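# Report on the structure
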Amino acid sequence: MQLLSKFLPWKRSVIITTIILSLLIVLSFYGLYTNKFYFFKYDNYILPVFSIIHFIFLYVLWFKIKEGEISDSPMRNVEYALYIVLVVYIFKLFDTIYTLSTYTEFDNHQIPSTFFPMGILIVFLYIFLVGLTFLSFLYRKKHVGPYNVDILNEQIDSWE
């Protein structure tokens, strides 16, 4: 972890995650088989909608680390939602790998020359995104602190 944190500090990790997530949002509209962008398919909007949770978590992580605050219930809830989004990322990763593996089924069709380069790029971006998401969980635990339920309950003022 120390070697990784020297190579990729938390600020750089958040910035790179934001860039990769933005690239994947744009590429979620890209059709590998046709080399075109499809904006009218509702399936293409799954990643942009779920990535909102990831952007919120990155913002909260940045804010908590910069201000030196401890973890709280809303941050915990956003992180738990991000666990579900992480499953979507892993599904999209395996879906892209499956799409790349079906190349031989379409020998009689004209496949664009960008099929493998774009497919491999998307796979690597998803792998990096999953890794950076796990790394952001570690940075949250290291810099913001664990989710201590006793401390979270003490912060609740029932008279407000």
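First, a word on scope: everything that follows refers to the structure included in this document. Remember, it's a predicted structure, so these values are computed and weren't measured experimentally. (Residues numbered from 1 in each chain as written. Predicted model: local features only at pLDDT ≥ 70, side-chain atom pairs only at ≥ 80, totals over all residues. Heavy atoms only, no water.)

## Focus on unusual backbone geometry
The test is simple: Burial classification: accessible surface area is computed with a 1.4 Å probe over protein chains only, and a residue below 20% of its type maximum counts as buried, one above 50% as exposed, and the rest as partly exposed.
Unlike most non-glycine residues, N35 shows phi in positive territory, near 60°. Classification of N35 as partly exposed rests on a relative accessible area of 38%.

## Here we look at the packing of helix α2 (residues 10-27) against helix α5 (residues 115-144)
In plain terms, the rule: Axis definition: a line fit to C-alpha positions, over the contact stretch in the case of helices; interaxial angles, taken between N-to-C directions, run 0 to 180 degrees. A run of DSSP states H or I qualifies as a helix once it reaches four residues; a run of E qualifies as a strand once it reaches two. Both are numbered from the N-terminal end. Two helices cross in a left-handed way if the nearer one is turned anticlockwise from the farther one by less than a right angle. They cross in a right-handed way if the turn is clockwise. Should any heavy atoms of two residues lie within 4.5 Å, those residues are considered in contact. Asp, Glu, Lys and Arg are counted as charged, while Ala, Val, Leu, Ile, Met, Phe, Trp, Tyr, Cys and Pro are counted as nonpolar; the rest, among them Gly, fall into the polar class.
Where α2 contacts α5, the two axes come as close as 9 Å, and the packing angle between them is 145°. As α2 runs across α5, the sense of the crossing is left-handed. Across from W10, S13, I16, T17, I20, L21, L23, L24 and L27 in α2, the residues of α5 making contact are M118, L121, I122, L125, Y126, F128, L129, L132, L135, Y139 and H143. Residues that form the contact of α2 with α5 fall into these classes: 17 nonpolar, three polar and no charged.

## Overview of the pattern of salt bridges
Just so we agree on the cut-off: A side-chain nitrogen of Lys or Arg and a carboxyl oxygen of Asp or Glu constitute a salt bridge if their distance falls within 4 Å.
One pass over the structure, following the stated rule, counts three salt bridges. Taking the shortest distance from any N to any O, the salt bridge between E69 and K64 comes out at 3.2 Å. Looking at E69, the relative accessible area reads 32%, which means it is partly exposed. With a relative accessible area of 5%, K64 lands in the buried category. Of the charged contacts in the structure, one is a salt bridge between E79 and R140, with a shortest N-O distance of 2.8 Å. Note that E79 is positioned in helix α4 (residues 73-101) and R140 in helix α5, a separation of 61 residues in sequence. Across the pair, exposure class does not vary: E79 and R140 are buried alike. Overlapping salt bridges bring together K64, E69 and D72 as one network.

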